[in-house]
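So you can see what is in the structure, the chains are spelled out below.
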Amino acid sequence: MTLQANPTVTVFERSPDEGRGLARDMRVRWALEEVGQPYDVRPVSFAAMKEPAHRALHPFGQIPTFVDGDLSLFETGAIVLHIASHHEGLLPLDADAHARAINWMFAALGTIEPTIVDREVVLYLERSESWFEQRLRTVEDRIRGRLNDLSRRLGDADWLDGAFSAGDLMTVDVLRRLDGSGLLEEYPSLYAYVARAEARPAFNRAFDAQRAFFNAAGAM
Ligand code: GTB
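Residues numbered from 1 in each chain as written. Predicted model: local features only at pLDDT ≥ 70, side-chain atom pairs only at ≥ 80, totals over all residues. Heavy atoms only, no water.

### Topic: the domain arrangement of the protein chain
Step number 1: The domain architecture assigned to the protein chain consists of domain 1 (8-90 + 202-218) and domain 2 (95-200).
Step number 2: If you average the C-alpha positions of domain 1 and of domain 2, the two centres end up 21 Å apart.
Step number 3: With 20 residues of domain 1 at the interface, the matching set in domain 2 holds 20 residues.
Step number 4: Interface of domain 1 and domain 2: buried area, both sides summed, is about 1700 Å²; carbon and sulfur atoms make up 57% of it.
Step number 5: Taken as a group, Leu22, Arg27 and Trp30 account for 34% of the area that domain 1 buries against domain 2, more than any other trio of residues on that side.
Step number 6: In this structure, the connection of domain 1 to domain 2 is made through five salt bridges.
Step number 7: A salt bridge links aspartate 179 to arginine 20, with the shortest nitrogen-to-oxygen separation between them at 2.9 Å.
Step number 8: The interface formed by domain 1 and domain 2 holds twelve residue pairs in polar contact (both at pLDDT 80 or more) in total.
Step number 9: At the level of elements, helix H1 (25-35), helix H4 (76-86) and helix H9 (201-219) are the ones that each hand at least two residues to the side of domain 1 that touches domain 2.
Step number 10: For the side of domain 1 that touches domain 2, the residue count by class is eleven nonpolar, five polar and four charged. (Domains from an automatic or database assignment. Contact = heavy atoms within 4.5 Å. Buried area = accessible area lost by both parts, 1.4 Å probe. Salt bridge = Lys/Arg side-chain N within 4 Å of Asp/Glu carboxyl O. Polar contact = N/O pair within 3.5 Å; in protein donor to acceptor, adjacent residues only side chain to side chain. Helix = DSSP H or I, 4+ residues; strand = E, 2+ residues; numbered from the N terminus. Nonpolar A, V, L, I, M, F, W, Y, C, P; charged D, E, K, R; others polar.)

Here's what the structure looks like:
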């Protein structure tokens, strides 16, 4: 009998989010926890991320990457979809519901997340510009537009389309990046949606694992 090695996920050696679980390895850890797949993590420094050895795994020199046997992936959408496709629990068996869950994954990554990343770019890179305040307002209004539409679609349902799926996992992980902005609080149903997802045992295992890793890295 040959022992199958666990998949390995690369993570920040020391995450700038200080253990808040806002970097994108969190969604991969969470997906792995939801399906009960054990995994290993491999820390990578900012410098090592840009070295050829890491770029062989990730052409853009970023984390996370996912290596499982001979397979190596580097985009979180593809990684979570791969995990969800190879285990039960994150994608419905019904073909149409399955496609709709993937639809929500793409919506999270392609329609919601870019507006939230824009805000981070403004805050971290454009603060000294004369037009900073005006640009921040514009970008935040664009986020509000997305949150408004999303909350209207969610209505009073627990999840976006029936049972919790990879579509919810990705949407919630994207929304979590608004932590500290006050924007999510303007939409109580979305705030409750994120809280509901964060109460899942798998989320908590993933969150605790990344926080323990951050604390251990800090102690070194
Ligand atoms: N599209 C890719 C994917 O989804 O996998 C994006 C990957 C990505 O942006 N990775 C970031 C990275 O490696 C980490 S997650 N950045 C380093 C670099 O580009 O040199 C983004 C992130 C970083 C930090 C926080 N934080 O501190 O709160 C939150 C999110």
